[in-house]
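Residue strings, one per chain:
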Amino acid sequence: MLFRSLPVLLHAQVTPEQFQAIQNEGFAKSKVMDHLDHLVNRIGPRLTGSDNLTVACEWARDTFAAMGLQDARIEEWGTFAVGFNRGPWWGRMTKPEPMELVCNTDSWTAGTKRPSRGLLLPAPKDTAGIAALAGKLKGAWLLDPPAGMLKELQAVVLAEGGFGFVGGGRGDLLLTGGSPRIEWDKLPEVPFVRLRGDCHDKLAALVKDGKEVEVEFDIRNHFRKGPIPLYNVIADLPGTEHPDEFVVVSGHIDSWDGATGTTDNGTGTATTIEAARILTAIGAKPKRTIRFMLWSGEEQGLLGSRAWVQKHKDEMTK
């Protein structure tokens, strides 16, 4: 495929010497992978409302401050009623043959109270099916509960001492979602384990063939009583001619917690921090203030950035 280059008119705000300094600092002395490594491998996933997110916000603030940026700070934009921290998790089939199961749960949902091994039974599809399973659910897992019966089945599982539910993911993907809209006095109690597609299909086929299937899951999901304060991270490189006008460099520092949050959006956070490092390292004196901003609550609906805009409406025109 051929691309035709188009003329672009640029009004450079740096001298050739400044541009060369920026290029040299970025290419020869880059720290962007150091920022990313610390964020995603040492701190880890950064779910909004988790302890890791608070640690990440404080680290980013301190990193900006160490560069000499002005007024590096964390700014509270709201709270969650309940915090959530994900511990380790694993799953396996123990009968009729051993098999590791690739699995996860949504955030802000229940985990197991201990390693929980039991029979995997097909979930009932109607009230008659529920009645037929009476007295058989203690220490059992239910496969593929119908969405329309989930609330009713949860009550039955709790009443009879069942372990929870098992369902399938989207093919090779295990997506992590979840809603923070829960209350401390009404915490989720029944785990819903999601399996990678091939693992789910294997178990479903065995159950359909009438095999006795036994599975075991150990999922350490932890809730923390709030209110949990939530922060954006902000730091300024002051402008020399128009300090009350702003150029914004930003990314979101929060992530989902099924993995380390590297691509979404550890990369955006690391490059925002690296842009600040390069400019401070070369002694940049911009005409306008460059404001570095790392948002949280992005994955739950741009919450941190929306809250900041509402609080700072008087700054939007500039």
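The structure we're discussing is the one just above.
Residues numbered from 1 in each chain as written. Predicted model: local features only at pLDDT ≥ 70, side-chain atom pairs only at ≥ 80, totals over all residues. Heavy atoms only, no water.

For the coordinates displayed, the defined rule picks out one cavity of 30 Å³ or more. Here the largest cavity is characterised by a volume of approximately 40 Å³. The set of elements that each furnish at least two residues to the lining of the largest cavity consists of helix H3 (51-66) and strand S8 (214-237). By residue class, the composition of the lining of the largest cavity is five nonpolar, three polar and no charged. (1 Å grid on protein atoms, 1.4 Å probe; cavity = no way out; pocket = protein on both sides within 12 Å on 5 of 7 lines; lining within 4 Å. Points joined across faces, edges and corners; volume = space filled by probe spheres on them. Helix = DSSP H or I, 4+ residues; strand = E, 2+ residues; numbered from the N terminus. Nonpolar A, V, L, I, M, F, W, Y, C, P; charged D, E, K, R; others polar.)

Applying the stated criterion across every chain, the model contains zero disulfides. The thiol sulfur of cysteine 103 is not disulfide-bonded, and the nearest other cysteine sulfur, from cysteine 199, lies at 8.3 Å. For cysteine 103, a relative accessible area of 7% corresponds to the buried category. (Disulfide = S-S within 2.5 Å. Buried < 20%, exposed > 50% of the residue type's maximum accessible area, 1.4 Å probe, protein only.)

Moving on, we come to the pairing of strand S10 (residues 288-295). Within S10, seven of the eight residues are buried, which leaves the element mostly enclosed by the surrounding structure. Summarising the sheet, S8 and S10 pair through five bridges and their orientation is antiparallel. The residue of S10 that forms the bridge with alanine 235 is phenylalanine 292. Remark: the strand S9 (residues 242-252)/helix H7 (residues 262-281)/S10 crossover connection has right-handed handedness. (Pairing = 2+ DSSP bridges. Right-handed = clockwise from strand over helix to strand, strands pointing away.)

A separate point is the packing of helix H2 (residues 32-43) against H3. Closest axis-to-axis distance for the H2/H3 pair is 11 Å, and the angle between their directions is 155°. The angle between H2 and H3 places the two elements in the roughly antiparallel class. Here H2 runs over H3; the crossing is right-handed. Of H3, the residues touching H2 (which contributes His35, His38, Leu39 and Ile43) are Asn52, Val55, Ala56 and Trp59. (Axes fitted to C-alpha atoms, helices over the stretch in contact; angles between N-to-C directions. Parallel < 35°, antiparallel > 145°, perpendicular 65-115°, else oblique. Left-handed = near helix turned anticlockwise from the far one by under 90°. Contact = heavy atoms within 4.5 Å.)

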